[in-house]
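So the chains spell out like this:
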Amino acid sequence: TERCRAATNELGLTFPIVLDHGGEVARRYRVTQVPYVVALDRQGRVVFSGAPEPVKPPPPSPLARTLQAVLRGEGPGPTSVPAGSPSSAPRTTAPP
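Below: a short report on this structure. Chains are numbered independently. Their residues run from 1 in the order of the written sequence. For a predicted model such as this one, the threshold for reporting local features is a pLDDT of at least 70, and the threshold for listing and counting side-chain atom pairs is 80 or more; totals across whole chains, interfaces and linings nevertheless cover every residue. For the side-chain quantities, the full set of heavy atoms in the structure was used; hydrogens and water were omitted.

Turning our attention to the overall build of the protein. A run of H or I in DSSP becomes a helix once it reaches four residues, and a run of E becomes a strand once it reaches two; helices and strands are each numbered from the N terminus. The helix and strand inventory of the protein stands at three helices and four strands. Counting every position in the protein, which comprises 96 residues, the buried fraction comes to 6%. Whether two residues are in contact is decided by their heavy atoms: any pair within 4.5 Å suffices. Contacts in the protein between residues at least 24 apart in sequence constitute 2% of all its contacts with a sequence separation of at least 6. Residue burial considers only the protein chains on display, and all accessible areas are found by Shrake-Rupley using a 1.4 Å probe. On the protein, roughly 8500 Å² of surface is accessible, and the fraction owed to carbon and sulfur atoms is 59%. With a 1.4 Å probe rolled over the protein chains alone, any residue whose accessible area is under 20% of its type maximum counts as buried; one over 50% counts as exposed, and the rest are partly exposed.

You can see Arg5 is positioned in helix H1 (residues 2–11). Judged by relative accessible area, which is 48%, Arg5 ranks as partly exposed. Along the sequence, Arg5 and Ile17 sit 12 residues apart, while their C-alpha atoms lie 9.3 Å from each other.

In this scheme, patches are assembled from residues that exceed 30% relative accessible area and form no salt bridge. Like charges are connected within 9 Å, while nonpolar side chains (Val, Leu, Ile, Met, Phe, Trp, Tyr) are connected within 5 Å. Here, a salt bridge means any side-chain nitrogen of Lys or Arg that lies within 4 Å of a carboxyl oxygen of Asp or Glu. Taken together, the side chains of Leu11, Leu13, Phe15, Ile17, Leu19 and Val55 present a nonpolar region at the surface, about 540 Å² in accessible area. Looking at the secondary structure, you find Leu13 in the loop between H1 and helix H2 (24–28).

For two strands to pair, DSSP has to find at least two bridges joining them. Both strand E1 (residues 37–40) and strand E2 (residues 46–50) contribute to a ladder of four bridges, which runs antiparallel. Note on E2: the bridge partner recorded for Leu40 is Val46. The hairpin formed by E1 and E2 contains five residues between the paired strands, and Gly44 there has a positive phi angle of roughly 85°.

Assignment of secondary structure puts Phe15 in the loop between H1 and H2. In the structure, Phe15 is positioned 24 residues away from Ala39 in sequence and 10.0 Å away in space, judged by C-alpha atoms.

Quick look at the pattern of salt bridges now. When the charged atoms of two side chains lie near each other, side chains of opposite charge can form a pair. Applying the stated rule across the entire model yields three salt bridges. Among the salt bridges present, the one from Asp41 reaches Arg45, with a minimum N-O distance of 2.9 Å. The class for Asp41 is partly exposed, based on a relative accessible area of 22%. Residues Glu74 and Arg72 are paired through a salt bridge, measuring 3.0 Å at the closest nitrogen-oxygen approach. Each member of the pair, Glu74 as well as Arg72, is classed as exposed.

Now for the environment of Val55. Counting through the fold element by element, Val55 comes out in the loop between E2 and helix H3 (62–71). For Val55, a relative accessible area of 68% gives the class exposed. For the pair Val55 and Leu11, spaced 44 residues apart in sequence, the C-alpha to C-alpha distance is 8.8 Å.

Trans peptide bonds make up the majority, and among non-glycine residues the majority have a negative phi. For the bond from Val34 to Pro35, the omega torsion is 0°, close enough to zero to count as cis. Within the fold, Pro35 resides in the loop between H2 and E1. Its identity as a non-glycine residue notwithstanding, Arg30 has a phi of 55°, on the positive side. Along the chain, Arg30 turns up in the loop between H2 and E1. Take Arg30: its relative accessible area is 69%, and that puts it in the exposed class.

Quick look at the structure:
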């Protein structure tokens, strides 16, 4: 498809890519998830089979950012819930 072609060009990939709309290749190589990579050598032997690595890591979640700040000694993030208070009642600890 055009989206696949665009992504291939953007990433600079020069090897063949199979779009398996009917699922025949997936069954043959026992694909267990999508996306999935099956890399073959020039003799057709499988040299890698599994999930692809992300091109760039996803940004940290709000929880991860807050925990990283706390570990650096910077205190809680812009909103926090005091210990023992209902989680549905966040309070602001920093100016908006």
